[in-house]
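Topology and contacts: notes
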Amino acid sequence: MSPGDVSLRQAQPWHIGTIARRMRADDIRECAGFGHTPKQALRLALTTSTMAWTAFVGDRAEAMFGLVVNSALGGDGAPWMLGTEAIYRHPREMIGWGPTIVARMADSTPHLSGLVGRSNARAIRMLRAWGFAIGTEVIIMRGVEFVAFDKGRG
């Protein structure tokens, strides 16, 4: 792997600190909307996820993402992703992983949905590229505006 290459690894608790300290402003705002610091949000997401990965640029953890199963019986899951600015400097890699990762998530929970910050334009573009529909209704939590994203249920 040459410097600057992006790789995915199974997410581990020791990846949290470096990502939390350098998290993107949009992601920090989303964490605050849910009532968490970046470190709290990453810890909670990792411990409640059935699958989670860390994206590395070179040897440095830059983003963590995964799936929280809301209802195994109903097939409902909530994908999530939090990261640093560095991961968005590699949009082709991030968009390229989408179909494989979303398919793995949909294997266990065919209906994937969640909330994304209304002003988080880069995350919204990535969600659209990964096949998610973005809602228009604004949901405000702790002063942060969110919109829903959804895939898999007609």
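Summarised in this report is the structure supplied together with it. (Residues numbered from 1 in each chain as written. Predicted model: local features only at pLDDT ≥ 70, side-chain atom pairs only at ≥ 80, totals over all residues. Heavy atoms only, no water.)

1. Describing the pairing of strand 5 (residues 111–117)
In terms of burial, strand 5 is a largely internal element, five of the seven residues being buried. The pairing of strand 4 (residues 76–83) with strand 5 spans two bridges and is parallel. Of the residues in strand 5, the one forming a bridge with G77 is L112. You can see the chain leave strand 4, run along helix 4 (residues 91–108) and come back into strand 5, and the turn it takes is right-handed. As defined by bridge partners, strand 5 adjoins strand 8 (residues 144–151) across six bridges and the pair is classed as antiparallel. Across the sheet, residue S113 finds its bridge partner in strand 8, namely D150. (Buried < 20%, exposed > 50% of the residue type's maximum accessible area, 1.4 Å probe, protein only. Helix = DSSP H or I, 4+ residues; strand = E, 2+ residues; numbered from the N terminus. Pairing = 2+ DSSP bridges. Right-handed = clockwise from strand over helix to strand, strands pointing away.)

2. Some thoughts on the side chain of T109
Topologically, T109 is positioned in the loop between helix 4 and strand 5. The exposure class assigned to T109 is buried, which follows from its relative accessible area of 0%. Beyond its immediate chain neighbours, meaning those up to four positions away, T109 contacts L67, V69, G75, D76 and G77. (Contact = heavy atoms within 4.5 Å.)

3. A look at helix 3 (residues 38–48)
For helix 3, every residue scored as buried is listed here: P38, A41, L42, A45 and L46. Projected onto a plane normal to the axis of helix 3, the buried residues spread over an arc of 120° and lie on a single side. Contacts from the buried residues of helix 3 go to helix 1 (16–21), helix 2 (25–33), strand 2 (51–57), strand 3 (60–71) and strand 4. (Arc of directions from axis to C-beta.)

4. Concerning the nonpolar core
Counting residues in hydrophobic clusters, the biggest one holds 27 residues, and the most contacted among them are M81, I87, M105, V116 and F132. I87 has contacts with V6, A55, V57, E62, A63, M81 and M94, leaving out every residue within four places of it along the chain. If you look at the next biggest cluster of nonpolar residues, it comprises 17 residues, including I16, F56, W80 and L82. (Core = buried A, V, L, I, M, F, W, Y, C linked by side-chain atoms within 4.5 Å.)

5. Structural notes on the packing of aromatic side chains
Throughout the structure, instances matching the rule amount to three aromatic pairs. Between W53 and F65, the ring centres sit 5.6 Å apart and the planes meet at 35°, which makes this aromatic pair tilted. On the criterion of sequence distance, the pair formed by W53 in strand 2 and F65 in strand 3 is long-range, its members being 12 residues apart. The class for F65 is buried, based on a relative accessible area of 1%. Ring geometry for F132 and F149: centres 5.3 Å apart, planes at 85°, overall edge-to-face. You can see F132 sitting in the loop between helix 5 (121–129) and strand 6 (133–134) and its partner F149 sitting in strand 8, a full 17 residues away along the chain. In this pair, the class of F132 matches that of F149, namely buried. The positively charged end of R24 is found above the aromatic ring belonging to Y88, 4.2 Å away from the centroid. (Phe/Tyr/Trp six-rings, centres within 6.5 Å; stacked < 30°, edge-to-face > 60°. Lys NZ or Arg CZ within 6 Å of the ring centre and 35° of its normal.)

6. Focus: helix 2
D26, D27, E30, C31 and G33 are the residues of helix 2 that are buried. One side of helix 2 carries all its buried residues, which in axial view fall inside an arc of 160°. Turning to helix 2, the residues buried within the fold contact helix 3, strand 4, strand 5, strand 7 (139–141) and strand 8. Once helix 2 ends, the next one or two residues include G35, with phi positive near 85°.

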